[in-house]
Amino acid sequence: MASDLTTGAPTPSPLGQVPEAALLPVPRDKRRLGLGRLYLRRFLRNRLAVVGVAIFLLLVLFSAFGDVFTGYSYSDADFAALTQPPSSAHWFGTNQGSNDIYASAVHGLQRSLAIALSVSVLTLVLAAVIGSGAAYFGGRVEKATLAVIHFLLIVPSFLILALVSHRLAGDWRVLIVVLTAFGWMSTARVIWSVSTSLRERDYVTAAEFMGVRPLRIIVRHIIPNLGSLLIVNLTLGVVATVLSETALSFLGFGVQTPDVSLGTMLADGAGTVTSAPWLFAFPAGLVVLLTVSMTFIGDGLRDALDPTSVTGAAGGRR
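Quantities reported herein were computed from a predicted structural model and do not represent experimental measurements. (Residues numbered from 1 in each chain as written. Predicted model: local features only at pLDDT ≥ 70, side-chain atom pairs only at ≥ 80, totals over all residues. Heavy atoms only, no water.)

**Regarding the overall build of the protein**
When helices and strands are tallied, the protein shows 13 helices and zero strands. With the model as given, the accessible surface of the protein reaches about 18300 Å², and the carbon-plus-sulfur share is 66%. (Helix = DSSP H or I, 4+ residues; strand = E, 2+ residues; numbered from the N terminus. Areas by Shrake-Rupley, 256 points an atom, 1.4 Å probe, with all protein chains shown as cover.)

Dropping the structure here:
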């Protein structure tokens, strides 16, 4: 019998057996980061974005719980303190109607946030469905949709907004509907241009081959792949809505008394900037903080979700 020449050599593993070393746990620092954690790390590396989140959370807390620290409501009048500067009794002073500016600022910020967030979400949903739907169906549907979008884009929407909101007594809920109706077109066109490439993807073709309904394809396969674009537009839409609501209310076409928004407070204080600057300074400061914070958040989300961004790429390194 021939001698075993393999004595001392490692015995090969049987076919299909996993090497023992492969069963060892992978070190935690070498595991692949999930997309959520990766985006979060890249977002947190943007210091201005983190500052924006902190400012926005403080504003939300101020609008939600700020009235706890005052005994006045925005509609209460202290006739013993007419247009008084900030004091221990009235932290932000009072206006010409003897209303407490601090209480009005809390309610005004609450109202402006409700309008801005509602309009931003509604316009984004409307733009996503219309834009992606036009791109998916193509043909006459696409041409008709784009024709309507282009027509509405050249219409002086601000004048229509002013007339409609003023005719309907400045109800803030009506203002949400009006701002939504005339605020979705530009976002829908951007979504349409991006969706034209998504409709040619293999997963869309496979869904069509399997008999999936068009609406389900749009909602389940096209819109989710626009996530980064939608998130950034959501934050920037809040800024645009705040500015629109403030401008309309400032001109007297938005929220009307006895209700209060930041725009109405700016309108009340515009004529007394030199004689009673606190009437204009406090609501103006809140508007600036709100718009700046949402702009920082939008920039941070864009950098975190965009793989070609220099800031985002730096955030992805270990």
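**Examining the pattern of salt bridges**
What the rule picks out here adds up to five salt bridges. We note a salt bridge from Arg199 to Glu142, for which the minimum N-O separation is 3.6 Å. Here Glu142 lies in helix 4 (residues 139–154) and Arg199 lies in the loop between helix 7 (185–198) and helix 8 (202–209), a separation of 57 residues in the sequence. The residue Arg302 makes a salt bridge to Asp299 at a minimum N-O spacing of 3.7 Å. (Salt bridge = Lys/Arg side-chain N within 4 Å of Asp/Glu carboxyl O.)

**Some thoughts on helix 10 (residues 227–250)**
Here helix 10 spans 34 Å end to end across 24 residues, near enough to the 34 Å set by a 1.5 Å rise per residue. Every buried residue of helix 10 is listed here: Leu230, Val232, Thr235, Gly237, Val238, Val239, Thr241, Val242, Glu245, Thr246, Leu248 and Ser249. Just past helix 10, the residue Gly252 takes up positive phi, approximately 90°. (Expected span 1.5 Å × (residues − 1). Buried < 20%, exposed > 50% of the residue type's maximum accessible area, 1.4 Å probe, protein only.)

**Brief notes about the packing of aromatic side chains**
One pair of aromatic rings is described through two measures. These are the centre distance and the angle between the planes. Here the structure, examined in full by the defined rule, presents five aromatic pairs. Ring centres of Phe92 and Tyr102 lie 5.2 Å apart, and the angle between their planes is 75°; on these two criteria the pair is classed as edge-to-face. Placement of Phe92 in the loop between helix 2 (47–65) and helix 3 (101–137) and of Tyr102 in helix 3 is noted, with a sequence separation of 10 residues between them. This pair shows no difference in class: Phe92 is buried, exactly as Tyr102 is. With centroids separated by 5.3 Å and ring planes inclined at 75°, the aromatic side chains of Tyr136 and Phe137 adopt a geometry described as edge-to-face. Classification of Tyr136 by relative accessible area gives buried; the value is 15%. Among the residues examined, Phe137 registers a relative accessible area of 46% and is labelled partly exposed. Among the aromatic residues, those joined into a cluster by ring pairs are Phe62, Trp91, Phe92, Tyr102 and Phe282. (Phe/Tyr/Trp six-rings, centres within 6.5 Å; stacked < 30°, edge-to-face > 60°.)

**Structural notes on the nonpolar core**
Core analysis: the biggest nonpolar cluster contains 33 residues, and Phe62, Leu109, Leu286, Leu290 and Met294 have the highest contact counts within it. At 10 residues, helix 12 (residues 278–305) tops the list of elements feeding residues into this core. What Leu290 contacts, discounting residues up to four positions off in sequence, is Phe56, Leu59, Leu109, Leu113 and Val242. Leu124, Trp184, Ile218 and Leu226 belong to the second largest nonpolar core, which has 18 residues in total. (Core = buried A, V, L, I, M, F, W, Y, C linked by side-chain atoms within 4.5 Å. Contact = heavy atoms within 4.5 Å.)

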